[in-house]
Amino acid sequence: MKKIFIDPPNSMILFDIVERLGHEPLSTMAALQERVDNLEIDMPPMNVTLDDVISGLKYAGIEVPSGIRGRLATWGPHIDEADAAIVMTQAPYSFGCVGCERSNEMVKYLLRRRGIPVLWVEYPGDKEAAMRMLESTKEFLEGLE
Amino acid sequence: MSEKKPRKRETRLIMISPASNVTPDLLVRTAHALGKELSAKETCYGCLLEGDPGVVAEARDELRKLDPHGIYSKRRAYPAGDPRRCRAQHGTRPGYAQLESEWKLLANLQNAMDAIDLGEKAPPEPQKKILPVREFKEIYEVNL
């Protein structure tokens, strides 16, 4: 079983497909659950701890807006931990973690910099695209074994 | 005195595809009928399951048998009915827009999975054409 980082990190479709194919998806939800259960902060991810902001410095420079650093403090450790990644491309603006496109670009940059295998899948806008997406994902995950 | 260990929790969101015949009510009844130590909460899109991670995974697999290609799931960070998120207590629900946009796509995925099971092959991706200058001019010179 490999650890697969998914982008958008809150996508149910990617989470479900990775799980169905027998691997462990790394998503925002698991990272946030840790903060919900163990830390006394009011409403993650809207509120962060000082440690989050400091750990975000590993992934984004000090001149980068704090919102990006906060997001990367959540996703960055998962990118470090991942054996491979699946990224959905050509999705509409409102799909995934909206609000900060620079964070999403930074995630793609960090994935490329780590050099792990990355699959760029098509947005399943119709049945044919969904079939292409499922087939390529299956082939990619089977190839990791 | 026995030492209290913190209980591991997993909350799982189960969503039904719009092309499926399964109802949220059926999901919750089936989850209760399993007789496992978990809580199930009916929602408009499916249900929420909460309990120990192993038990929740077993329940998810059992529920998926109702419609293997029509039931999807993901983890949820907040517990079910958490006042910070629960609509019944006027909590905010920032992830709902994403859930709605993915719900619309589930029928495509369900149909694709059915087609793959029947042995169909995915058609190749259509080639993107370069827009000819004449057509581009027609677009930007249009008089509204």
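Up top is the structure.
This section reports on the structure supplied with the text. Just so you know, these numbers come straight off a predicted model, no measurement behind them. (Residues numbered from 1 in each chain as written. Chains lettered and ligands numbered in written order. Predicted model: local features only at pLDDT ≥ 70, side-chain atom pairs only at ≥ 80, totals over all residues. Heavy atoms only, no water.)

### Let's talk about the interface of chain B and chain A
Step number 1: Facing 42 residues of chain B, the contacting portion of chain A comprises 37 residues.
Step number 2: Across the interface of chain B and chain A, roughly 3400 Å² is buried in total on both sides, 58% from carbon and sulfur atoms.
Step number 3: Viewed at the interface, chain A and chain B are joined by five salt bridges.
Step number 4: In this structure, E19 of chain A engages R12 of chain B in a salt bridge whose closest nitrogen and oxygen atoms are separated by 2.9 Å.
Step number 5: In this assembly, chain B and chain A are joined by 19 residue pairs in polar contact (both at pLDDT 80 or more).
Step number 6: Per-element tally for the side of chain B that touches chain A: the top contributor is helix α3 (residues 96-117) of chain B, with twelve residues.
Step number 7: Of the residues that constitute the side of chain B that touches chain A, the class distribution is 20 nonpolar, seven polar and 15 charged. (Contact = heavy atoms within 4.5 Å. Buried area = accessible area lost by both parts, 1.4 Å probe. Salt bridge = Lys/Arg side-chain N within 4 Å of Asp/Glu carboxyl O. Polar contact = N/O pair within 3.5 Å; in protein donor to acceptor, adjacent residues only side chain to side chain. Helix = DSSP H or I, 4+ residues; strand = E, 2+ residues; numbered from the N terminus. Nonpolar A, V, L, I, M, F, W, Y, C, P; charged D, E, K, R; others polar.)

### Observations concerning the nonpolar core
When a protein is soluble and globular, its nonpolar side chains tend to lie buried together.
Step number 1: With 36 residues, the main nonpolar core has I86 of chain A together with L109 of chain B as its most contacted residues.
Step number 2: Among the secondary structure elements, those contributing two or more residues to this core are β1 (3-7), α1 (12-20), β3 (84-89), β4 (118-122) and α6 (127-144) of chain A together with β1 (10-16) and α3 of chain B.
Step number 3: Sequence-distant contacts of I86 of chain A, that is, excluding residues within four places in its chain, are made with I4, F5, I6, D7, L14, V18, L119, V121, T137, F140 and L141 of chain A.
Step number 4: Grouped together as the second largest cluster of nonpolar side chains are 18 residues, Y59, V87, L110 and I116 of chain A included. (Core = buried A, V, L, I, M, F, W, Y, C linked by side-chain atoms within 4.5 Å. Buried < 20%, exposed > 50% of the residue type's maximum accessible area, 1.4 Å probe, protein only.)

### A closer look at the packing of aromatic side chains
Step number 1: Scanning all chains against the criterion turns up three aromatic pairs over all chains.
Step number 2: Note on F95 of chain A and Y123 of chain A: the rings are 5.4 Å apart at their centroids and 80° apart in plane angle, and the pair reads as edge-to-face. You can see F95 of chain A sitting in the loop between β3 and α5 (101-114) and its partner Y123 of chain A sitting in the loop between β4 and α6, a full 28 residues away along the chain.
Step number 3: On the basis of relative accessible area, F95 of chain A is assigned to the buried category, the value being 8%.
Step number 4: We classify Y123 of chain A as buried; its relative accessible area is 17%.
Step number 5: Over the ring of Y72 of chain B we find R20 of chain A; its NZ or CZ atom is 5.0 Å from the centre of that ring. (Phe/Tyr/Trp six-rings, centres within 6.5 Å; stacked < 30°, edge-to-face > 60°. Lys NZ or Arg CZ within 6 Å of the ring centre and 35° of its normal.)

### Quick notes on the pattern of salt bridges
Step number 1: Per the stated rule, a full pass over the model turns up 17 salt bridges over all chains.
Step number 2: Between R9 of chain B and D37 of chain A there is a salt bridge whose closest N-O contact spans 2.8 Å. Taken together, the residues span two chains, with R9 of chain B in the segment before β1 and D37 of chain A in helix α2 (residues 28-38).
Step number 3: The class of D37 of chain A is partly exposed, set by a relative accessible area of 39%.
Step number 4: A network of salt bridges, in which partner residues are shared, links E19 of chain A together with E10, R12, R60 and D61 of chain B.

Such coordinate-based values are descriptive only and should not be taken to indicate function.
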